[in-house]
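Architecture and fold: a report
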Amino acid sequence: MLKAVRGTRDLLPPDTDLWNRVEAKVRDVMERYNFHEIRTPIFEDTQLFSRSVGEETDIVSKEMFTWEDRSRAIPAVPVLEVASGTRGRFSGQSLTLRPENTAGVVRAYIEHRLGDKGTLQKLYYIGPQFRRERPQKGRYRQFYQIGAEIIGPPSAGSESPIHDAEILEMLATLLDEVGLRDWQLQLNSVGGADDRARYNQALREALKPLLHQMCADCQRRAETNPLRVLDCKVPKDQPIIEKLPKVSEYLGEASREHFAAVGAMLDTVGIPYTINERMVRGLDYYTRTTFEFTHGGLGAQSAVLGGGRYDGLSESLEGPKAPGIGFAIGEDRLILALQSQGETIVEKLRAYIAPLGSGMNPHALKLARELRREGVSVDIGDEVFRLKRSFELAEKAGARFIVIVGENEVAAGQFAVKNLATAEQVQVQRAELAAYLKDSNPQPRKS
Ligand code: HAM
C-alpha cells in the first residue's frame, strides 16, 4: 500500500477545523495590525537560501530538498531548428523547496522594488516549508509556518525598536486570542554586524584550545562560522559550550540601547519575557533582537515560534538597505500545543435533512438548497434510508436537528424537527424553519 512519505502527513477533519480556526484568527489579527498577505513560490533558486540562511547552518548544509532543474535552457537557436529536432540543453539551475519564507519575502521585496514606496512593508504568509529533518513529534519534513515581516527603508523607521516590540506584542495577542495558555517568551540580542564580528573572533579564540574535544561539525564551524557552534546538540560538547563567552559582553553601545528599549516597551505593555543568552537561532541573517516563544505541552520540540531582526539581509542579496524584523510560527506545533490543552472544535452542522419515502429526494434537495442559502449548515440523506437509518446517520454527522421531509410535510408546508440532544420534537412552518434551526440553542450534545 502506498503511504504518505516519511516526515509528511495528511491533515484530516476534524483537525483541519482547528487549523482553519487558527488561520482565520491569524488573518483577523494581521488586519488589525495592518499586515497584508504575500505569497511567494514554494521553490526558489538554491543560492537564495545559501546566501541568506547561511552555508554553515544545519538548514542549508543538511536539510534542504534540492535538485537540478531539467527544463530546457532557453535555446540560443532559431525556433525552426528547435522544432526540427535540435535538442536544447538542460539549464542545470539548482532549485530548492523553501525551508523558510523570510528569504523569499526579502527577494520579492528587492525584485518588486517595494522599498521605493517609502513606507514600511508589513507582510504575512501562511504556507508549507520543507526541511529534511529526522521526523518526530512536532518535527516534520513538510510543515507549515505562519509568519510576518516588517521591512523597509530606514527613513520609514524600519530600524526602530518600536517594531521589535510591536511584533512581540502582536504575537502575545495572537497566542492569547487563539487560546494558547502558558507560553514563554525568550529574548536575546545577537548584536549588529560589528558586534557579531567581535563576538565571532572571541569565540574562535576561546574555542581553539578546546576543539580537539569537540565534534567534527564544531571543529569546522569554529573556523567558518563560530556562532553556529552554539547550535550544536551533541551532548558531550554542551559543558564546553556553556563556558564560552556570552554575546552580551560583546554588544556595542547602539545594540545595548536598542535591546534595552525593546525590553522597556515590553515592560510597559506588560508582556513577560526572560533573557536567554544562548539563544542565537539557527539562521545566519539575524542581527540584534532574536526571540522564541516556547510551550510546555510540546515536549522536546518546545519552540512554537521563532524570529528576530535581519538588518543586513537585503544588502547581502544585493538589495537596498532595508532593515527588517519578523517571525514564523510553526503551525503544526501551535496546533499540537492547543490540542495538549484539550482544544477541539465544537460541531457546526445544524440540520440533517431526511427524505422519507420514494420520490422525496427532489423535495429534500430543494429544502436543503433553500436553507443553505439562508445560512444554515445542512447535510442530506437519501430517500432509500428508513427513518431509523436516517437518525443513525444524522447522529454520526454530528447534526443538532433532524428535519423529516415526507409527503405530508411537503403538502402541509411544515416539517417535523427533532432535536437530537434533547429528543424534543416540534412542527415548524417552512417560513420559520431557517430561523428556528439557527437560533434554537439546545444543550450541548453528549459525545
Ligand atoms: P525557524 O526558527 O527556523 O525560523 O522556524 C520557525 C518555527 O518553525 C520554529 O519555531 C518551529 O515552530 C517551526 N519549525 C521549524 N522546523 C520545523 C519542522 N521541521 N517541523 C515542524 N515545525 C518546524 C524561521 O524559519 C525564520 N524564517 C523566522 C523568521 C521570520 N525570522 C525572521 N522572520
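Residues numbered from 1 in each chain as written. Predicted model: local features only at pLDDT ≥ 70, side-chain atom pairs only at ≥ 80, totals over all residues. Heavy atoms only, no water.

A look at the pairing of strand β14 (residues 401–405)
It is a general feature of regular strands that their side chains alternate between the two faces of the sheet. The test is simple: Relative accessible area decides the class of each residue, using a 1.4 Å probe on protein chains only: under 20% of the type maximum gives buried, over 50% gives exposed, and in between gives partly exposed. Starting at the N terminus, helices and strands are each numbered in turn, a helix being any DSSP run of H or I of at least four residues and a strand any DSSP run of E of at least two. DSSP bridges decide pairing: two strands pair if at least two such bridges lie between them.
Here β14 lies mainly inside the structure; five of its five residues are buried. Going residue by residue along β14, you find Phe-401, Val-403 and Val-405 tucked away on one face and Ile-402 and Ile-404 tucked away on the opposite face as well. Looking at chain direction, β14 and strand β15 (residues 414–419) are connected through four bridges and run antiparallel. Bridge assignment links Ile-402 to a residue of β15, and that residue is Lys-418.

Some remarks on the nonpolar core
The following threshold applies: Residue types Ala, Val, Leu, Ile, Met, Phe, Trp, Tyr and Cys, when buried and joined through side-chain atoms within 4.5 Å, form a set referred to as a nonpolar core. Two residues qualify as a contact provided that any one of their heavy atoms is within 4.5 Å of a heavy atom in the partner residue.
The biggest cluster of nonpolar side chains holds 45 residues, and the ones touching the most others in it are Phe-35, Phe-291, Phe-293, Phe-327, Ile-329 and Leu-334. No other element matches helix α6 (residues 161–178), which puts eight residues into this core. Those residues in contact with Ile-329, other than ones at most four positions away along the chain, are Tyr-144, Gln-145, Ile-146, Leu-171, Leu-174, Val-304, Leu-305 and Leu-334. The next biggest cluster of nonpolar side chains, apart from the first, holds 44 residues, and it includes Val-53, Ile-110, Leu-283 and Tyr-285.

Brief notes about the pattern of salt bridges
What counts, and what does not: In the sections that follow, a salt bridge refers to a side-chain nitrogen of Lys or Arg positioned within 4 Å of a carboxyl oxygen of Asp or Glu.
For the coordinates displayed, the defined rule picks out 35 salt bridges. Of the charged contacts in the structure, one is a salt bridge between Arg-278 and Glu-242, with a shortest N-O distance of 3.0 Å. Within this pair, whereas Arg-278 is found in the loop between β8 (274–275) and β9 (287–295), its partner Glu-242 is found in helix α9 (residues 238–242), the two being separated by 36 residues in sequence. For Glu-242, a relative accessible area of 46% corresponds to the partly exposed category. A salt bridge links Glu-370 to Lys-366, with the shortest nitrogen-to-oxygen separation between them at 3.1 Å. Of this pair, Glu-370 and Lys-366 both sit in helix α13 (residues 361–373), four residues apart, roughly one helical turn. Given a relative accessible area of 51%, Lys-366 falls into the exposed group. In the salt-bridge network here, residues are joined through shared partners; they are Glu-56, Asp-58, Lys-62, Asp-217, Arg-220 and Arg-221.

Focus: the site of the ligand
Cut-off, in case you're wondering: One heavy atom suffices: a residue is near a molecule or strand as soon as one of its heavy atoms comes within 4 Å of it. Two N or O atoms form a polar contact when they lie within 3.5 Å of each other; inside protein one atom must be a possible hydrogen donor and the other a possible acceptor, and for residues adjacent in sequence the pair counts only when both atoms belong to side chains. Only the protein chains shown count as cover for residues, with accessible areas throughout obtained via the Shrake-Rupley method and a probe of 1.4 Å. Three classes are used, and their members are as follows: Ala, Val, Leu, Ile, Met, Phe, Trp, Tyr, Cys and Pro are nonpolar, Asp, Glu, Lys and Arg are charged, and the others, Gly among them, are polar.
Lining the immediate surroundings of the ligand are 27 residues, of which Glu-100, Glu-133, Tyr-140, Glu-149 and Tyr-286 lie closest. Arg-131 is positioned with one of its side-chain polar atoms (N or O) 2.9 Å from an oxygen atom of the ligand. Contacts to the ligand include Phe-327, whose backbone N or O atom sits 3.3 Å from a nitrogen atom. Protein chains shield 96% of the accessible area of the ligand, which is 660 Å² for the free molecule. Listed by contribution, the elements that provide at least two residues to the shell around the ligand are β6 (142–151), β10 (303–309) and β11 (324–330). The leading source of residues in the shell around the ligand is β10, at six residues. Partitioning the shell around the ligand into residue classes produces twelve nonpolar, eight polar and seven charged.

Brief notes about the domain arrangement of the protein
Here is the rule: Where each domain begins and ends follows an automated or database-derived domain assignment.
Under the domain assignment used here, the protein contains domain 1 (15–191 + 251–340) and domain 2 (351–438). A C-alpha centroid distance of 48 Å is found between domain 1 and domain 2.

Here's the deal with a nonpolar patch on the surface
Stated precisely, the cut-off is as follows: Patch definition: residues with relative accessible area over 30% and no salt bridge; like charges joined within 9 Å; nonpolar side chains (Val, Leu, Ile, Met, Phe, Trp, Tyr) joined within 5 Å.
Together, Ile-42, Phe-43 and Trp-67 make up an exposed nonpolar region whose accessible area comes to about 270 Å². Looking at where Trp-67 falls in the secondary structure, it is placed in strand β3 (residues 66–68). The exposure class assigned to Trp-67 is partly exposed, which follows from its relative accessible area of 35%.

Points about the sheet that holds β8
How we decide: Axis geometry follows a simple rule: fit a line to the C-alpha atoms, using only the stretch in contact for helices, then measure angles between N-to-C directions, giving values from 0 to 180 degrees.
Spatially, β1-β5-β6-β11-β10-β9-β7-β8 is the arrangement adopted by the eight strands of the open sheet, whose pairing is mixed. Looking at which strands have only one partner, the edges of the open sheet turn out to be β1 (36–37) and β8. Taken together, the five bridges between β10 and β11 define a ladder with antiparallel strand orientation. Each bridged residue has a counterpart across the sheet, and for Arg-309 the counterpart in β11 is Ile-325. The sheet strands contacting α6 are β5 (121–130), β6, β7 (183–189), β9, β10 and β11, and the helix crosses β11 at an angle near 20°.

Notes on the packing of aromatic side chains
Worth spelling out the cut-off: Think of it this way: a Phe, Tyr or Trp ring, Trp meaning its six-membered ring, pairs with another when their centres are within 6.5 Å, and the plane angle makes it stacked under 30 degrees, edge-to-face over 60, tilted otherwise.
One pass over the structure, following the stated rule, counts seven aromatic pairs. With a centroid separation of 5.5 Å and an interplanar angle of 80°, the aromatic rings of Trp-19 and Tyr-144 are classed as edge-to-face. Here the residue Trp-19 occupies a position in helix α1 (residues 15–32), and Tyr-144 occupies one in strand β6, the gap between them amounting to 125 residues. Tyr-144 gets classed as partly exposed once you look at its relative accessible area, which sits at 22%. Their ring planes at 75° and their centres at 5.8 Å tell us that Tyr-285 and Tyr-310 sit as a pair that is edge-to-face. A residue pair is termed long-range when its members are at least 10 positions apart, and Tyr-285 in the loop between β8 and β9 and Tyr-310 in the loop between β10 and α11 (313–316) qualify at 25 residues. The residues Tyr-285 and Tyr-310 share a single accessibility class, namely buried.

As for the sheet that holds β3
Within a sheet, each strand pairs with its neighbour through backbone hydrogen bonds, oriented either parallel or antiparallel. Ordered in space as β2-β4-β3, the three strands form an open sheet in which the pairing is antiparallel. The sheet is open, and its two edges are formed by β2 (43–45) and β3, each paired on a single side. Taken over all neighbouring pairs, the strand axes of this sheet differ in orientation by 30° on average, direction set aside. With three bridges connecting them, β2 and strand β4 (residues 94–97) associate as antiparallel partners. Counterpart to Asp-45 in the pairing with β4 is Leu-95. Here helix α2 (residues 46–54) sits on the sheet and contacts β2, β3 and β4; the angle it forms with β2, its principal contact strand, is near 75°.

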